[in-house]
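Examination of the molecular architecture
Chain by chain, the residues:
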Amino acid sequence: MSNFYNQTRAASSLMRRLKRSLINPTAVTRPRCFTTAEGHRPTLVHKRSLDILHDPWFNKGTAFSMTERDRLDLRGLLPPNVMSSEQQIERFMVDLKRLEVQARDGPSDPNALAKWRILNRLHDRNETMYYKVLIANIEEYAPIVYTPTVGLVCQNYSGLFRRPRGMYFSAEDRGEMMSMVYNWPADQVDMIVVTDGSRILGLGDLGVQGIGIAIGKLDLYVAAAGINPQRVLPVMIDVGTNNEKLLKNPLYLGLQQHRLDGDEYIAVIDEFMEAVFTRWPNVIVQFEDFQSKWAFKLLQRYRNTHRMFNDDVQGTAGVAIAGLLGAVRAQGRPMIDFPKQKIVVAGAGSAGIGVVNAARKTMARMLGNTEHAFDSAKSQFWVVDANGLITDERENIDPDALPFARNTNEAGRQGLREGSSLVEVVRQVRPDVLLGLSGVGGLFSKEVLEALKGSTSAKPAIFAMSNPTKNAECTPEEAFSIVGDNIIFASGSPFRDVDLGNRQIGHSNQGNNMYLFPGIGLGTLLSGSRIISDGMLQAAAERCG
Ligand SMILES: NC(=O)C1=CN([C@@H]2O[C@H](COP(=O)(O)OP(=O)(O)OC[C@H]3O[C@@H](n4cnc5c(N)ncnc54)[C@H](O)[C@@H]3O)[C@@H](O)[C@H]2O)C=CC1
Ligand SMILES: CC(=O)C(=O)O
Ligand SMILES: [Mg+2]
């Protein structure tokens with residue numbers, strides 16, 4: 001019944017469009033042609049004049065040649081000096097470079113946000129040039145359009161919002177989504193990144209403002225995987241927020257109500273999924289920054305029927321596995337030693353549990369993929385959350401964390417118990433790897449890092465993966481100075497390498513799902529796979545390493 005209702009709505013939306021174009025003949029005009037900014041591909045456009053200059057998909061600004069200006073009714077609307085796209089970028093970069101931002105310092109540098117503003121304005125007026133700049137300077141600007149700066153952008157989005165980008169589906173739109181999807185101008189969409197804003201990086205519930213993360217992720221799809229920017233769609237599903245500060249702010253752009261929960265919440269997400277897959281049956285949907293409570297449930301709900309994945313659960317796991325395998329290599333050990341690694345994970349949310357689940361499967365595979373191997377692999381992990389070490393004594397244990405709860409007797413023999421602190425766990429376990437996905441800045445305190453000096457590995461790995469910068473469990477300086485020069489370090493947001501003296505550099509690697517999700521999307525798109533399987537993710541992780 002609801003299907004019939006939705007299809008009727010979609011059909012009537014199409015009829016409205018058709019009617020509009022009959023009444024207003026300029027809505028469907030004979031297309032005219034111009035060349036793209038690269039100058040070698042013709043582009044058909046139905047628009048004219050200022051409408052073209054205000055459309056970032058088509059606008060080339062001062063790079064429109066005089067003949068194009070005549071053909072498109074642009075003569076007189078631009079300064080007369082026709083620029084090459086290289087000259088345009090040069091002019092833009094002079095302006096941008098004036099800020100002389102050390103982008104790697106992220107939001108701790110006040111200019112990072114100014115840089116984001118300049119890039120965002122370019123994105124709004126000329127997408128081709130925006131992506132050219134981003135691709136040519138990806139190392140410098142990824143920390144601006146993505147973590148860490150995007151975190152600051154999301155926190156301030158209601159103030160920074162100028163032009164809309166992407167689509168917003170809210171709890172108020174129930175029953176309307178099937179027709180709403182036809183409001184998006186592109187007939188083909190390859191990639192959607194959707195968030196409900198409930199856990200943006202390590203910054204908590206940012207409500208509707210979380211759309212910034214979906215935009216940032218899609219920027220990387222375009223820049224890193226070459227996805228057509230006209231075929232990406234950032235989406236915010238606004239079911240309210242439980243962030244009281246936002247609810248009290250009259251300038252907050254989202255629904256000023258508490259989050260929907262339970263069946264009401266699921267009904268909204270179901271309706272959204274049905275709508276987007278009806279209009280774009282081949283689209284891939286990346287779920288991003290949903291609070292753990294929903295991340296796993298929604299993944300299970302859709303993963304066998306829809307082309308979707310959860311980046312925080314699955315993308316992060318892939319990158320972490322690549323890092324864990326890389327650590328074994330860097331320790332000079334054979335790869336078959338991976339299943340022997342002792343791994344302490346701080347954080348049992350969508351990311352932490354996603355990582356231990358996938359790492360356990362990788363270990364089991366290396367041990368022959370038997371049931372016994374799968375069972376024994378779990379004993380390589382010690383998972384610590386806000387309440388300390390998780391054991392089978394834990395009350396109301398999260399079902400996703402349950403397989404990794406340590407047996408209490410066995411823990412006792414190691415000098416540990418339910419709720420043992422992180423420092424106790426590190427001291428007793430002497431892990432090869434200490435991995436942080438807790439969202440708690442500074443969690444790897446001096447005491448914890450001192451304890452890691454007792455690691456049984458000559459080269460322990462420290463992965464402080466929480467974002468943005470201030471949420472990292474420790475900085476590389478802290479790690480190298482306390483644990484010693486002989487460590488492997490990676491962080492979720494970028495840090496500078498550390499000068500260890502005597503011409504030695506302590507490498508600060510980045511362990512972020514951005515190294516994987518563009519490839520997962522592109523691989524799915526090219527292979528035409530109808531779902532995103534564990535095998536595909538595993539293959540991606542192994543290639544990434
Ligand atoms: N580097 C990367 O690619 C990625 C990083 N992340 C980061 O991971 C962090 C966590 O993300 P989610 O798992 O989705 O969040 P979440 O909120 O679901 O989980 C956080 C977990 O940390 C635990 N925790 C809180 N305080 C703790 C403490 N003092 N000691 C030990 N554990 C503590 C919580 O109990 C919970 O289990 C965020 O900062 C996020 O930015 C997430 C995905 C990818
Ligand atoms: C990187 C990422 O997805 C996160 O911090 O949530
Ligand atoms: Mg995320």
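Residues numbered from 1 in each chain as written. Chains lettered and ligands numbered in written order. Predicted model: local features only at pLDDT ≥ 70, side-chain atom pairs only at ≥ 80, totals over all residues. Heavy atoms only, no water.

1. Brief notes about the packing of aromatic side chains
Basically, it comes down to this: The aromatic pairing rule takes the rings of Phe, Tyr and Trp, using the six-membered ring of Trp, and pairs them if the centres are within 6.5 Å, calling planes under 30 degrees apart stacked, those over 60 edge-to-face and the rest tilted. Think of it in three bands: with a 1.4 Å probe and only protein chains considered, a residue is buried below 20% of the maximum accessible area for its type, exposed above 50%, and partly exposed in between. The rule for a charge over a ring is simple: NZ of Lys or CZ of Arg within 6 Å of the ring centre, and within 35 degrees of the ring normal.
Per the stated rule, a full pass over the model turns up 10 aromatic pairs. With a centroid separation of 4.9 Å and 75° between ring planes, the pair formed by tyrosine 130 and tyrosine 131 is classed as edge-to-face. Comparing tyrosine 130 with tyrosine 131, the two get one shared label, buried. For the ring pair tyrosine 157 and phenylalanine 161, a centre distance of 6.2 Å and an interplane angle of 65° mean the geometry is edge-to-face. The class for tyrosine 157 is buried, based on a relative accessible area of 8%. Members of the aromatic cluster, joined through ring pairs, are Tyr146, Tyr221 and Phe517. When the ring centre of tryptophan 294 is taken as reference, the NZ or CZ atom of lysine 297 above it lies at 5.4 Å. Positioned over the ring face of phenylalanine 374 is arginine 360, at 3.9 Å from the centre of the ring.

2. Side note on the coordination of the magnesium ion (ligand 3)
Four donors placed tetrahedrally about a metal ideally form angles of 109.5 degrees, and six donors placed octahedrally ideally form angles of 90 or 180 degrees. To keep things clear, this is the line we draw: Each metal's donors are the N, O and S atoms within 2.8 Å of it, or within 3.2 Å when it is Na, K or Ca, and because water is not part of the set, sites may look incomplete.
Coordination of the magnesium ion (ligand 3) by the protein is provided by Glu288 (OE), Asp289 (OD) and Asp312 (OD), with metal-donor distances spanning 2.0 Å. According to the relative accessible area criterion, glutamate 288 is buried, its value standing at 1%.

3. Describing empty space enclosed by the protein
Let me state the cut-off plainly: Method remark: on a 1 Å grid restricted to protein atoms, a set of points is classed as a cavity if a 1.4 Å probe fits but cannot get out and as a pocket if it is open with protein on both sides within 12 Å along at least five of seven lines; lining residues have an atom within 4 Å of a point. Grid points are joined across faces, edges and corners, and a volume is the space filled by probe spheres set on the points. The numbering of helices and of strands both runs from the N terminus, where a helix is a DSSP run of H or I of at least 4 residues and a strand a run of E of at least 2. Residues are grouped as follows: nonpolar covers Ala, Val, Leu, Ile, Met, Phe, Trp, Tyr, Cys and Pro; charged covers Asp, Glu, Lys and Arg; every other residue, Gly included, is treated as polar.
Under the counting rule described, the total for this entry stands at two cavities of 30 Å³ or more. Approximately 160 Å³ is the volume attributed to the largest cavity. Lining the largest cavity are 18 residues, and of these Trp116, Asn120, Tyr157, Arg165 and Ile215 lie nearest its centre. Secondary-structure elements contributing two or more residues to the lining of the largest cavity are helix 5 (111-125), helix 8 (149-155), helix 9 (157-160) and helix 11 (211-225). Of the residues that constitute the lining of the largest cavity, the class distribution is nine nonpolar, four polar and five charged.

4. Comments concerning the confidence of the model for the chain
Stated formally: Each residue carries a pLDDT score, the predictor's confidence in it, ranging from 0 to 100. In this analysis, two residues are considered to be in contact whenever any of their non-hydrogen atoms come within 4.5 Å of each other.
For the chain, the mean per-residue pLDDT works out to 90, and 92% of the residues sit at or above 70. Scored below 50 in pLDDT, residues 1-8 shows six contacts in the model against residues more than four places distant or in partner chains. Within the model, pLDDT remains below 50 along residues 101-107, and this stretch shows 24 contacts once partners closer than five positions in the same chain are excluded. For this predicted complex, the interface confidence score (ipTM) comes to 0.99, while the overall pTM stands at 0.89.

5. Some details on the sheet that holds strand 5 (residues 232-238)
Going by this rule: What makes two strands pair is DSSP finding at least two bridges between them. Note on definitions: angles span 0 to 180 degrees between N-to-C directions of axes, and those axes are lines fitted to C-alpha atoms, for helices only across the stretch in contact.
Here we have five strands laid out as an open sheet, ordered 3-5-4-6-7, and parallel in their pairing. Two strands in the sheet have a free side with no partner beyond their single neighbour: strand 3 (167-170) and strand 7 (308-310). Here the strands of the sheet are splayed against their neighbours by 20° on average, with no regard to which way each runs. Bridge analysis of strand 6 (residues 284-287) against strand 7 gives three bridges, and the strand direction is parallel. From the neighbouring strand, glutamine 286 faces strand 7, where its bridge partner is phenylalanine 309. Packed onto the sheet, helix 11 meets strand 3, strand 4 (191-195), strand 5, strand 6 and strand 7 and runs at close to 165° relative to strand 5. Where helix 14 (residues 292-302) meets the sheet, it contacts strand 6 and strand 7, and its direction lies at approximately 160° from that of strand 7.

6. Some remarks on the layout of surface pockets
Here the second largest pocket is characterised by a volume of approximately 690 Å³. What lines the second largest pocket is a set of 38 residues, and nearest its centre among them are Ala351, Leu437, Ser438, Gly439 and Ser466. Taken together, the elements giving at least two residues each to the lining of the second largest pocket come down to helix 15 (311-330), helix 16 (350-366), strand 9 (381-385), helix 19 (422-429) and helix 20 (446-452). Top element by residues in the lining of the second largest pocket is helix 16. It accounts for three residues. Its residues assigned to classes, the lining of the second largest pocket shows 14 nonpolar, 16 polar and eight charged.

7. Things to note about helix 16
Just so we agree on the cut-off: To estimate how far a helix should extend, the number of its residues minus one is multiplied by 1.5 Å.
Here helix 16 is 17 residues long and its end C-alpha atoms lie 24 Å apart, about the 24 Å a rise of 1.5 Å per residue gives. The buried fraction of helix 16 amounts to 13 of the 17 residues, a majority that puts the element mostly inside the structure. Remark: glycine 368 follows helix 16 within two positions and exhibits a positive phi of approximately 110°.

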